[in-house]
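Summary of the model geometry
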Amino acid sequence: MTAAQLPPVAPEVTATLVEELSPRLRKRLDAAVTKLGARPTHRDGDTVTIAVDEETDLRMHAPGGVVATADALTCGCLLAPACVHRAAAACAAPAADPAPEPAGQEAPSEAGSAPHADGTASESSGPAPESITPAPYGTASAPDSTTPAPDATAFTPPDNTSAPDVASPAQRVAADAVWSAAAAVLEAGVEGAGAVAQAALLRAAHTARLQHLPRAAGATLSVVTLLRAARAGDPSYRTPDLVTALAELLGTAHRVGTASGAELAAVRGRARRPYSPDGSLRLYGLFTEPVVTDSGHGGARTWVAGSDGRLYTVGDVAPGGVGRALGVADRAVRLGESALTHRELGRAGLAVSGATVSPDGRLGAGKGVKAVTARGAAWTEPPLAALWETPPLQQAVRALRATSRYADPDAGGSDLLFLDVELRGAVRDPGGTCLLASCDGGIAVRLTVADDDPALAHRDNLMLLATAPGTRLRIIGRLLPALHPRLALLACSHPTGEGTIDLGFDRLRRADLPVPDAPVHPAPPEPGDSGAHSPLHLLERRVEQTVPAGRAALGMLGDVSAEARRLRRAGLPTAAGLLAALCASAARRERDAFGRLLPADTDGFATHWLAAARYTSAVSESLCAAAWEPRPEPAVTG
């Protein structure tokens, strides 16, 4: 049995079932979850049956696809309903998205549409939480780098006299519960954050939703999902993802009590993605990319640009994986009366009236939207040509605002870069072979595949382009934050100059290259990349080490003064101070008058960890931006 075979369970149901267990059964809960995960299941309509043993069945009734009450889980064992099996089944199942906020209560949200797995929204769907990330945490120190990180400056506390809208006492209590549950996870680490700790998070998420804090509720569910993936050994799990989710959750919970006015509205978040009217739009297709997620969803996303250069997307993503992605590309887009497929729209145009647009540029497909096919434009023609005229550094800074781990979800913006490059050949990188290219300003850019799935054309196209050094192309890529310029290559002009190539769908042939049998000369890595030898990783690895192992493991490190001195010598005194404070907080345990150890200061440790996590993110973004600065041309000697 896998979690995907079970119906989602409402967070409050899981929390209630775990809270009702006796202390003895709570100790057995994690083992029960593991044991139940190995048992066979059977689905019959809205009911899923789990064979607990040869004589006992557990039933999960999910009308509407969600287990919404505790009574919907029934067990046939002798101890039911006070048995461990009901709670174990709830903990093994996915956590359901929060339900709409209670009717009749005012909530700071707008009508909109729910995102699919990739965030592509459909206006006809019901309310669901956004994929949420908080704005920069106000108490983190500013980066030491002389290049400022976008949106990473210190936060000035608002003047409550001019912005009277502040969090209610009940909202502050709910935020404190979220903070405490997240801090307990940080204290215990992944190994110690079992079903009981996850239930505390789910209870906090439910309380936050009831107090109109959908941003905190959604962030809490993200942490629970990642914890379960980590404990289950899911191959798609990455520790940095959980680091970001925990920092996001702690930062959001902290800011509820300190924010006011417009900042508080952003911290509260929206229960549903808002789509606002945008009148009539003249759109020009750019390219189409496949979307394949770790959760088994697949589809396509087509990028278009308006007459003013603003970017929009039209997506179609649903369960189905890579096979669905390949099929959707040739299906008609869901927008008005247009009969264009996604791949056709990537090279054509649309005239849209009654358009609705989300803050991040997703086009809504409501009943009032009308769209008809129109003439497109080449990448070398206006208005598209203007996208390639912005200097690479400015494009990178703009993209960083969108890709930041803690970007404001309503800030908009795109993570795409539009560059004119000359290919230099393949180069080996710690992450695998990539294609080295140079662009304006003497910047060496590493181009990588956007998706390694062999059913998609990304890898084959990149390797073929690597055999044609000297070829000049106009490309579109997605910024990959790193200490050197790095893009996931998505589309390019055809090497012959005729048309464009969607690198995930279209397959280049050797005959398409200007020099068919050009020999491969591996390009040397570019020396002197900004930040390439930064010792920031000394702090980053301690931040990441805490998440799987917990505070105790960090407290056993001992003296970190050598690492702190190295950070100071590199011009990162703030990083040195944060490292020393974090490790000292992890090791600190006070004793009472009788010499007995007092409980650890989980709040204090969480505060130090959060400051370090936000700081490392800000400095990494700053170093990434600095790497895109133009290189001075070498002096010519006579």
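Here's a quick rundown of the structure. (Residues numbered from 1 in each chain as written. Predicted model: local features only at pLDDT ≥ 70, side-chain atom pairs only at ≥ 80, totals over all residues. Heavy atoms only, no water.)

**Looking at the nonpolar core**
- L242, L246, V547 and W609 are the most contacted members of the largest nonpolar core, which has 70 residues in total.
- Not counting the four nearest positions on each side in its chain, L242 is found in contact with V190, V223, L226, L227, Y237 and V547.
- Ranked by size, the runner-up nonpolar core spans 34 residues in total, among them V52, M60, A72 and C91. (Core = buried A, V, L, I, M, F, W, Y, C linked by side-chain atoms within 4.5 Å. Buried < 20%, exposed > 50% of the residue type's maximum accessible area, 1.4 Å probe, protein only. Contact = heavy atoms within 4.5 Å.)

**Topic: the environment of A455**
- Position of A455 among the secondary structure elements: in the loop between β15 (443-449) and α12 (458-465).
- Residues A455 and F505, spaced 50 residues apart in sequence, show a C-alpha to C-alpha distance of 9.3 Å.
- A455 has contacts with V322, L326 and R507, leaving out every residue within four places of it along the chain. (Helix = DSSP H or I, 4+ residues; strand = E, 2+ residues; numbered from the N terminus.)

**Details of the packing of aromatic side chains**
- For the structure on display, the rule yields three aromatic pairs.
- Ring centres of F287 and W303 lie 6.3 Å apart, and the angle between their planes is 10°; this geometry places the pair in the stacked category. Of this pair, F287 sits in strand β8 (residues 276-292) while W303 sits in strand β9 (residues 297-306), placing them 16 residues apart in sequence.
- Between the aromatic rings of W388 and F418, the centroid separation amounts to 5.1 Å while the plane-to-plane angle is 75°, which identifies the pairing as edge-to-face. With W388 in the loop between β12 (370-374) and α11 (392-403) and F418 in strand β13 (residues 416-429), this pair connects stretches of sequence that are 30 residues apart. Taken as a pair, W388 and F418 share a single burial class, namely buried.
- Each member of the aromatic cluster is reached from another via a ring pair, and the members are W379, W388 and F418. (Phe/Tyr/Trp six-rings, centres within 6.5 Å; stacked < 30°, edge-to-face > 60°.)

**Thoughts on the sheet that holds strand β10 (residues 311-319)**
- Spatially, five strands are ordered β10-β9-β8-β11-β12 in an open sheet, and the strand pairing comes out antiparallel. If you trace the sheet from one side to the other, it starts and ends with β10 and β12, each paired once. Taking each pair of neighbouring strands and ignoring which way they run, the sheet shows an average axis angle of 35°.
- Taken together, the five bridges between strand β11 (residues 349-357) and β12 define a ladder with antiparallel strand orientation. The partner of L350 across the bridge, within β12, is T373.
- Sitting on the sheet, helix α9 (residues 321-328) is in contact with β8, β9 and β10, with an inclination near 40° to β9. (Pairing = 2+ DSSP bridges. Axes fitted to C-alpha atoms, helices over the stretch in contact; angles between N-to-C directions.)

**With respect to the sheet that holds strand β1 (residues 41-44)**
- If you trace the four strands from one edge of the open sheet to the other, you get β1-β2-β3-β4, paired in antiparallel fashion. Whereas interior strands pair on both sides, the edge strands pair on one side only; in this sheet they are β1 and β4 (73-75). The sheet shows a mean angle of 20° between the axes of neighbouring strands, taken without regard to direction.

**Brief notes about the pattern of salt bridges**
- All chains considered together, the criterion is met by 25 salt bridges.
- In this structure, D429 engages R446 in a salt bridge whose closest nitrogen and oxygen atoms are separated by 3.3 Å. Here D429, found in strand β13, pairs with R446, found in strand β15; they are 17 residues apart in sequence, far enough to count as distant. Comparing D429 with R446 shows no difference in burial state: the two are buried.
- Here R507 makes a salt bridge to D460, at a shortest N to O gap of 2.8 Å. You can see R507 sitting in the loop between β18 (500-502) and α13 (537-549) and its partner D460 sitting in helix α12, a full 47 residues away along the chain.
- Owing to a relative accessible area of 42%, R507 belongs among the partly exposed residues under this scheme.
- Linked through salt bridges whose partners overlap, the residues forming this network are D330, R343, R347, D502 and D506. (Salt bridge = Lys/Arg side-chain N within 4 Å of Asp/Glu carboxyl O.)

Note that all results are geometric; they support no functional claim without further evidence.
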